[in-house]
Amino acid sequence: MQKIAVVQYKARPERADENQRLIENVMDELERDDPGGVRYAAFRLDGDTFLHVVANEDDRDVLPSTPAFQEFQRELPDRMVPGTLTRTTATLVGAYRVLPTQPAQATTTAS
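Residues numbered from 1 in each chain as written. Predicted model: local features only at pLDDT ≥ 70, side-chain atom pairs only at ≥ 80, totals over all residues. Heavy atoms only, no water.

**What about the packing of aromatic side chains?**
Thinking step 1. Here the structure, examined in full by the defined rule, presents two aromatic pairs.
Thinking step 2. Each ring, one from Tyr9 and one from Phe50, has its centre 5.8 Å from the other, and the planes form 20°; the classification is stacked. Of this pair, Tyr9 sits in strand E1 (residues 3–10) while Phe50 sits in strand E3 (residues 49–56), placing them 41 residues apart in sequence.
Thinking step 3. We classify Tyr9 as buried; its relative accessible area is 1%.
Thinking step 4. Geometrically, the ring pair formed by Phe69 and Phe72 is tilted, given 5.7 Å between the ring centres and 40° between the ring planes. Here Phe72 and Phe69 lie together in helix H2 (residues 67–74), a separation of three residues that amounts to about one turn.
Thinking step 5. Given the relative accessible area of 11%, Phe69 is considered buried.
Thinking step 6. The exposure class assigned to Phe72 is buried, which follows from its relative accessible area of 2%. (Phe/Tyr/Trp six-rings, centres within 6.5 Å; stacked < 30°, edge-to-face > 60°. Helix = DSSP H or I, 4+ residues; strand = E, 2+ residues; numbered from the N terminus. Buried < 20%, exposed > 50% of the residue type's maximum accessible area, 1.4 Å probe, protein only.)

Right, dumping it as structure tokens:
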């Protein structure tokens, strides 16, 4: 069965943009290097709260071995508001077109 972790925390307001940038670096690295075996989505909610959903497709946990994720983790406790971290496991009940595979790109037509 697929292991799914759901992590949520509130970033310190002065470090929330940095936190987002570090997450974007992780996503860029995953896209570029494609380690396989992982599905990962991160969301920035209202008020500098972040939600991460990670599904490992097998028993491997590839994120900790990636340099960008290691950098993201390095000062994470300092970027978070103390006492706001929650981590739980989840079981997928169903999903329907939750996210596009790539962000939608605007198209322009030459006139």
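**Topic: helix H1 (residues 16–33)**
Thinking step 1. With 18 residues, H1 extends 26 Å from end C-alpha to end C-alpha; this agrees with the ideal 26 Å at 1.5 Å per step.
Thinking step 2. Within H1 the residues assigned to the buried category are Ala16, Asn19, Leu22, Ile23, Val26, Glu29 and Leu30. Summarising the axial view, the buried residues of H1 lie within an arc of 145°, below the 170-degree limit, and thus occupy one face. Facing away from the buried side of H1, by more than 90 degrees, are the exposed residues Asp17, Glu31 and Arg32.
Thinking step 3. Buried residues belonging to H1 abut E1, strand E2 (38–45), E3, H2 and helix H3 (76–79). (Expected span 1.5 Å × (residues − 1). Arc of directions from axis to C-beta. Contact = heavy atoms within 4.5 Å.)

**Brief notes about unusual backbone geometry**
Thinking step 1. Backbone geometry places Asp34, a non-glycine residue, at a positive phi of 40°.
Thinking step 2. Using a relative accessible area of 58% as the deciding quantity, one classes Asp34 as exposed.
Thinking step 3. Despite not being glycine, Asp48 has its phi angle at roughly 65°, a positive value.

**Some remarks on the sheet that holds strand E4 (residues 86–90)**
Thinking step 1. A sheet is described by the order of its strands in space; here four strands give the open sequence E2-E3-E1-E4, paired in antiparallel fashion. Strands at the two margins of the open sheet, each flanked by one partner only, are E2 and E4. Across the sheet, the mean angle separating the axes of adjacent strands is 15° when strand polarity is ignored.
Thinking step 2. Sheet topology places E1 next to E4; five bridges connect them, and they run antiparallel. Counterpart to Gln8 in the pairing with E4 is Thr86.
Thinking step 3. Running at roughly 160° to E2, H1 makes contact with E1, E2 and E3 of the sheet. (Pairing = 2+ DSSP bridges. Axes fitted to C-alpha atoms, helices over the stretch in contact; angles between N-to-C directions.)

**Overview of the pattern of salt bridges**
Thinking step 1. The tally for this structure, following the rule as stated, stands at nine salt bridges.
Thinking step 2. The salt bridge partner of Glu57 is Arg39, with a shortest N-O separation of 2.9 Å. Here Glu57, found in the loop between E3 and H2, pairs with Arg39, found in strand E2; they are 18 residues apart in sequence, far enough to count as distant.
Thinking step 3. Taking the relative accessible area as the measure of exposure, Glu57 reaches 40% and is therefore partly exposed.
Thinking step 4. Here Asp48 makes a salt bridge to Arg44, at a shortest N to O gap of 2.7 Å.
Thinking step 5. Residue classification places Asp48 among the buried positions, given a relative accessible area of 18%.
Thinking step 6. The class of Arg44 is partly exposed, set by a relative accessible area of 32%. (Salt bridge = Lys/Arg side-chain N within 4 Å of Asp/Glu carboxyl O.)

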